[in-house]
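Chain and residue survey
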Amino acid sequence: MDSIPRIPLAEWTDALIAYLQSNFGTGTQAFADGLEGLIKGLQGLFIALPPEFIIIVIAIIAWWLAGKKIAIFSLLGLLFVYNLGLWMVTMETIAMVISAVLLCMLIGVPLGILGAKNETAHRIIMPILDFMQTLPAFVYLLPAIPFFGLGVVPGVITTIIFAMPPVIRLTDLGLKQVPEELIELGKSFGSTFWQMLIKIELPLARPTMLAGINQCIMLSLSMVVIASMIGAKGLGGIVWRAIQTLNMGKGFEAGVAIVIIAIILDRITQNLGKSR
Amino acid sequence: MIEINNLTKIYGNNTDKALELLRKGISNEEIKKRTKQVVGVRDASFTVKDGETFVIMGLSGSGKSTLLRCINRLIKASAGEIIIDGRDVLTMPAKELEELRKRKMSMVFQRFALLPHRTILDNVAYGLEIQGIDKEERLAKAQEVIELVGLKGWEDAYPQNLSGGMQQRVGIARALATDPDILLMDEPFSALDPLIRQDMQEELVDIQEKLRKTIIFITHDLDEALKIGDRIALMKDGQIVQIGSPEDILLSPATEYVARFVENVNRSLALTASSVMVRPRYVVHPKDGPRTALNFMEKHGLSTLFVLDRFGKLKGYIKAEDSSELTAQGVKDLAGIIQTDMPTTRPDSPLADLLDVMAYTKVPIAVIDDNNKLQGTLVRGSVIAGLAGGRGGDK
Ligand SMILES: Nc1ncnc2c1ncn2[C@@H]1O[C@H](COP(=O)(O)OP(=O)(O)OP(=O)(O)O)[C@@H](O)[C@H]1O
Ligand SMILES: [Mg+2]
């Protein structure tokens, strides 16, 4: 077996990245600039708004979508985070999560529709998603650096890659689950492709799609924390620094804040599909 | 008018070979064995007239749904023609097909197929929305049909809050809202309880009376077919084995299969007065006089006799005892004793409606046409024979 020369997969990968970088560098740069603008804009907004205001708004949204218990939990949880002095970094993290999720939806929903409508597309997309999800996150944190350097942008981009698969998968699944009779209904009245999609298929796929978005949010949150290793600050940054300096207490505080944010986001978005 | 010529649908991905075998007369089973293709509809031809309710009936798997879906091309037929307004649906371009579906025909589904995220009003307005009619106008129109099907007050409810029967009313309202010429109904009442089902059948007949649509209605229930169909087509293994009026199907089944299908039906629904009446052999004219009438009745053992004028129009009947009294008095004219309180009916009245009358009347029921001409009489013996499955009447 050893007589076969080693396949230089690592070298090929390096070559591919170098090629992409030199040929698509400007395109990716423009994308990165746009994304950075979005993240920085959101961060700026969240930090500019008074914390009391944000806390109350989130509590109200939680009440509306998830009930009294979650509303009270959100209120107390966020006050606790504020009290720990982690407000700014938490807002940074939330801005990153929101940016990543928005882009996941922007890219993932159309890809999911494509997969549901076109068998060939489905057969191409699904293995790629498997690959994206099983590849250890660290492995594609690294290639992001030559493209986007260190910092928030590559962190969010790796987050997008990591968190997008459930959006695509569940959009595809939700559309395929629309009962045959309702598809026939649409066609029998002469609906066009877009009318079918907008008036029948997407509304019926909505609960499944929202489950995908919920998963996407949770994955984004976890990845944004990991992405702090390549300079994406936020709560993850505190944890990362705590690990490096063996500051157990600080690391634990940030960890608790992450859990609180995770629970709030999860409970609120879990109920999006159910409401109405 | 819908004209269907030699329509064939073969399921599978190699239909050419299967079609070739089918044209040679090879059976469905043999075709499946040799080519792995499933024959859904096999060489079906028929014409549905404007304003007609055409029922397609058959056991599960006989190809009814397939045939219906070929008509609006939800399923693309493998061969044949579907001519509507002189155009072949099978070969028309996609845009034209879309227009046809939008304006010319609509469909009612077995499991209702209501959109759960829309209110009843918006469900009914769906077809109009697809046509691009503006909101105010389409909601007004939807409101109108909702009232037609008796769902006033439920406009803002959601489908899941309605019973099955009400949901199907919504389905029917939605199909009517676009005012199509053709309604395709695939077992619309099969999912409903028997009582609700009967109500719906009657209501459909009422609505049809008002609107006169061309309806193609699928069912596996013969009673239902007899009740609402102007004509019935019976399918077996993708083929149409008989097409005819309800009476044709009942009284002269074309094949053993149809005969078995028809065996257990409630015949009173399908039989009409004309199919079980007896030709009026024994009648008198007013000028015949009481003595003649009396002799006639004694000879044939009758207690009553219908009286006709010289144009054959029914004037009434006389009783044997009155005639003998009149004879004793020496009166020459029957006019004084003609009674007019006999039950009458039209030739096309369903027998079901006459059974009650039959039960209490002492005089035979007179079957008269629009001009009051006597066509026949209903006597117990022939009615019972008709119900029992023999050939009713002696026509
Ligand atoms: N998509 C399909 N692929 C392959 N075979 C099919 C398909 N749809 C129907 N068939 C077959 O075609 C035949 C006719 O089916 P169809 O659904 O038209 O019957 P049906 O008379 O409507 O029955 P039912 O009363 O159960 O609705 C059956 O043998 C069925 O198995
Ligand atoms: Mg069927």
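**Things to note about the interface of chain B and chain A**
- Contacts between the two partners involve 27 residues from chain B, matched on the other side by 17 residues from chain A.
- Both faces combined, the contact of chain B with chain A buries some 1900 Å², and carbon together with sulfur accounts for 60% of it.
- Looking at the side of chain B facing chain A, the largest losses of area belong to His117, Tyr126 and Ile130 of chain B, adding up to 27% of the total buried there.
- Summed over the shared surface of chain B and chain A, the number is two salt bridges.
- Glu184 of chain A is the partner of Arg69 of chain B in a salt bridge, and the nearest nitrogen-oxygen pair spans 2.7 Å.
- Here chain B is connected to chain A by seven residue pairs in polar contact (both at pLDDT 80 or more).
- In terms of residues, the side of chain B that touches chain A owes the most to one element, helix 6 (residues 126-130) of chain B, which gives four residues.
- Of the residues assigned to the side of chain B that touches chain A, the class counts are 13 nonpolar, six polar and eight charged.

**Focus: the sheet that holds strand 9 (residues 231-236) of chain B**
Residues and elements named next belong to chain B.
- Read from one edge to the other, the open sheet built from six strands follows the order 6-7-8-3-9-10, with strand pairing classed as mixed. Taken across any chain shown, the strands that pair with only one partner, and hence form the sheet edges, are strand 6 (105-108) and strand 10 (239-244). For this sheet the average axis-to-axis angle between neighbouring strands, irrespective of direction, equals 20°.
- Two elements, strand 3 (residues 53-58) and strand 8 (residues 214-219), share five bridges in a ladder whose sense is parallel. Looking across to strand 8, one finds that Val55 is bridged to Phe217.

**Regarding a nonpolar patch on the surface**
Residue and element names in this part refer to chain A.
- A surface patch of nonpolar side chains, amounting to about 550 Å² of accessible area, comprises Ile56, Ile60, Ile72, Leu75, Leu76 and Leu79.
- Among the elements of the structure, helix 2 (51-66) and helix 3 (68-83) are those that each provide at least two residues to the nonpolar patch.
- In terms of residue count, the dominant contributor to the nonpolar patch is helix 3 (four residues).
- Here Leu76 lies in helix 3.

**Section: helix 7 (residues 135-148) of chain B**
All names here are of chain B.
- Taking 1.5 Å of rise per residue, the 14 residues of helix 7 would be expected to cover 20 Å, and the 20 Å separating its terminal C-alpha atoms lies within 8% of that figure.
- Turning to helix 7, its buried residues number three or more, namely Arg138, Ala142, Val145 and Ile146. Buried residues along helix 7 cover an arc of 105° about the axis, so they all sit on one side. Turned more than 90 degrees off the buried face of helix 7, the exposed positions are Glu136 and Glu144.
- Just past helix 7, the residue Gly150 takes up positive phi, approximately 80°.

**Describing the environment of Asn6 of chain B**
All names here are of chain B.
- Secondary-structure assignment places Asn6 in strand 1 (residues 2-11).
- For Asn6, a relative accessible area of 42% gives the class partly exposed.
- As a C-alpha pair, Asn6 and Leu269 span 263 residues in sequence and 32 Å in three-dimensional space.
- Once residues lying within four places of it in the same chain are set aside, the contact partners of Asn6 are Asp43, Ala44, Ser45, Ala79 and Gly80.

**A look at the sheet that holds strand 14 (residues 344-345) of chain B**
All names here are of chain B.
- With respect to topology, three strands assemble into an open sheet ordered 14-15-16, the strand pairing being mixed. Of all the strands in the sheet, just strand 14 and strand 16 (374-378) have a single pairing partner and so form its edges.
- Direction of pairing for strand 15 (residues 365-368) relative to strand 16: antiparallel, over a ladder of four bridges. What sits directly across from Val367, in strand 16, is Gly376.
- Packing of helix 16 (residues 351-360) onto the sheet brings it into contact with strand 14, strand 15 and strand 16, and relative to strand 15 it is tilted by some 145°.

The rules behind the values
- Residues numbered from 1 in each chain as written.
- Chains lettered and ligands numbered in written order.
- Predicted model: local features only at pLDDT ≥ 70, side-chain atom pairs only at ≥ 80, totals over all residues.
- Heavy atoms only, no water.
- Contact = heavy atoms within 4.5 Å.
- Buried area = accessible area lost by both parts, 1.4 Å probe.
- Salt bridge = Lys/Arg side-chain N within 4 Å of Asp/Glu carboxyl O.
- Polar contact = N/O pair within 3.5 Å; in protein donor to acceptor, adjacent residues only side chain to side chain.
- Helix = DSSP H or I, 4+ residues; strand = E, 2+ residues; numbered from the N terminus.
- Nonpolar A, V, L, I, M, F, W, Y, C, P; charged D, E, K, R; others polar.
- Pairing = 2+ DSSP bridges.
- Axes fitted to C-alpha atoms, helices over the stretch in contact; angles between N-to-C directions.
- Patch = residues over 30% accessible without salt bridge, like charges linked within 9 Å, V, L, I, M, F, W, Y side chains within 5 Å.
- Areas by Shrake-Rupley, 256 points an atom, 1.4 Å probe, with all protein chains shown as cover.
- Expected span 1.5 Å × (residues − 1).
- Buried < 20%, exposed > 50% of the residue type's maximum accessible area, 1.4 Å probe, protein only.
- Arc of directions from axis to C-beta.

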